[in-house]
Amino acid sequence: MWKPRRAFSNWEHTMRLSLGKCIVLLAMAAATAAPAETVTIEIPRTAGIESAAALTADFRMPPEGPRGRVPAVVVLHSAGGIDGASSSYVSTLNQAGMATLEVKMFARGGAIPFKDSLPYAYASLAYLMKLPTVDPARIAILGFSYGGILAILTASADQTRAFAPEGQRFAAHVSFYPVCWIHEALSTGATDLRSDHTNKFLRGISAADYQRMTGSPVLLLAGEKDHYDDADSCLRFVNSLPADAKALYTVLVYPGAYHGWNAVEDRSFNDPAAYK
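Presented here is a report on the structure given in the accompanying data block. All values derive from a computational prediction rather than experimental measurement. (Residues numbered from 1 in each chain as written. Predicted model: local features only at pLDDT ≥ 70, side-chain atom pairs only at ≥ 80, totals over all residues. Heavy atoms only, no water.)

### Focus: the overall build of the protein
- Looking only at helices and strands, the protein features ten helices and nine strands.
- When the 276 residues of the protein are sorted by exposure, 56% land in the buried category.
- Considering only contacts in the protein between residues 6 or more positions apart, those separated by 24 or more positions represent 82%.
- Put simply, the protein shows about 11,700 Å² of open surface, and 52% of that area lies on carbon and sulfur atoms. (Helix = DSSP H or I, 4+ residues; strand = E, 2+ residues; numbered from the N terminus. Buried < 20%, exposed > 50% of the residue type's maximum accessible area, 1.4 Å probe, protein only. Contact = heavy atoms within 4.5 Å. Areas by Shrake-Rupley, 256 points an atom, 1.4 Å probe, with all protein chains shown as cover.)

Structure follows, in C-alpha cells:
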C-alpha cells in the first residue's frame, strides 16, 4: 500500500474519524463482502434534468447483522461503470459495521452530465434514510473519479437544497481521484473547461456550489502521478475555497499513485477531462 502524504487536515467530526480509519488504513485488507441484495431506487423527476426513472443497486449489511441502526455509505462508480475498484472498500466498510449501497448509475460508455446524475446520489440517500436498519444521521457518500466528482458536488448546500428532500444531507464525503483541476477552475469562476466534452458534463455547476457547503466533512484521496491532475491539484483546489469551506476538507496524496490506482483491470481510454 502507498503511504499517503497528508497535505491538509482538519478532522473534527466522528464520521470523519471512522471513515478515514476504514478507507485509508484498512481499504486493502482482505475481507469477505457481505451478501448483496439487489434493490431498486426510484429517481424523482426534476424539470430540466435528464435522469433515468429508476436504478438498481447492491445493498449490503454488515456480515454479523444489524446491532440497532447502523451507519451506511453510498458507493458511486467511475465513468467506466462498476469495474471492481470498489470491492475491497465495500468489504472493509461492511466488516467495520457499515451498510453499503453500490449504485449502478450506468454501464461503461454511458456517462451523463453531472447535473443529470446528481439526483441518483440524493435518491440513494433518501432510500437509505427510510430503512429501519440504517441510521439516517450517519449516511456517507464515497465515489471514484466520476463518482468522486459527485461525492464533492453533493457537499454543496445549493445542490443539496435543489435535489435532497427537506433537511436531508450526507454526513460525510469521500472522493477518490476526483479530477481536482476541474473543481479548482469552477470554484474560481472559470466557465470554459478546455473542451466541449468537459463543458457539457459540468454544465450547471458554478463557483457557488463550492462556496456554500452543507457543513459535512470531505476527504479527497489523490494520486501524485494522476494523468488528469498535477500532484498538488487537489491542494490548490482546497486552498482556493473560502475559509469556512476549506476547513471541511482533508487531502491525502499517495506518492507514485496514478488515476484509478485501485482498478482491478488494465485499461486505456481517451478522456478530454485529462487535458489539463
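More follows now that the structure is in view.
### Thoughts on the environment of Tyr146
- Tracing the sequence through the fold places Tyr146 in helix α4 (residues 146–153).
- Take Tyr146: its relative accessible area is 4%, and that puts it in the buried class.
- The residues contacting Tyr146, other than those within four sequence positions of it, are His77, Ser78, Ala79, Met105, Phe106, Ala111, Ile112, Pro113, Phe114, Ser117 and Phe201.
- Reaching out from Tyr146, the side chain makes a polar contact with the backbone oxygen of Ile112 at a distance of 2.6 Å. (Polar contact = N/O pair within 3.5 Å; in protein donor to acceptor, adjacent residues only side chain to side chain.)

### Some remarks on the state of the cysteines
- Within the structure shown, the criterion is met by one disulfide.
- Disulfide pairing places Cys180 opposite Cys234 at an S-S distance of 2.0 Å. Its S-S torsion of approximately 85° makes the covalent link between Cys180 and Cys234 right-handed. Of this pair, Cys180 sits in helix α6 (residues 180–187) while Cys234 sits in helix α9 (residues 233–239), and the two are 54 residues apart along the sequence.
- According to the relative accessible area criterion, Cys234 is buried, its value standing at 5%. (Disulfide = S-S within 2.5 Å.)

### Things to note about the environment of Pro113
- In this structure, Pro113 sits in the loop between β5 (99–104) and α3 (114–129).
- With a relative accessible area of 10%, Pro113 lands in the buried category.
- Those residues in contact with Pro113, other than ones at most four positions away along the chain, are Tyr146, Lys200, Phe201 and Arg203.

### Observations regarding unusual backbone geometry
- We note that Val179 has phi near 55°; this positive angle belongs to a residue other than glycine.
- Looking at the element boundaries, Val179 is found in the loop between β7 (172–176) and α6.

### Quick word on the side chain of Asn94
- Along the polypeptide, Asn94 turns up in helix α2 (residues 87–95).
- Sequence-distant contacts of Asn94, defined by excluding residues within four places in its chain, comprise Ala34, Arg60, Met61, Pro62, Pro63, Ala99 and Thr100.

### A look at the pattern of salt bridges
- Applying the stated criterion to the full structure yields eight salt bridges.
- Salt-bridge contacts for Asp158 lead to Arg161; the nearest nitrogen and oxygen are separated by 3.0 Å. Remark: Arg161 and Asp158 occur in helix α5 (residues 157–163); sequence separation between them is three residues, near one turn of the helix.
- The class for Asp158 is buried, based on a relative accessible area of 18%.
- On the accessibility criterion, Arg161 (61% relative accessible area) is exposed.
- Residues participating in the shared-partner salt-bridge network are Glu184, Asp230, Asp232 and Arg236. (Salt bridge = Lys/Arg side-chain N within 4 Å of Asp/Glu carboxyl O.)

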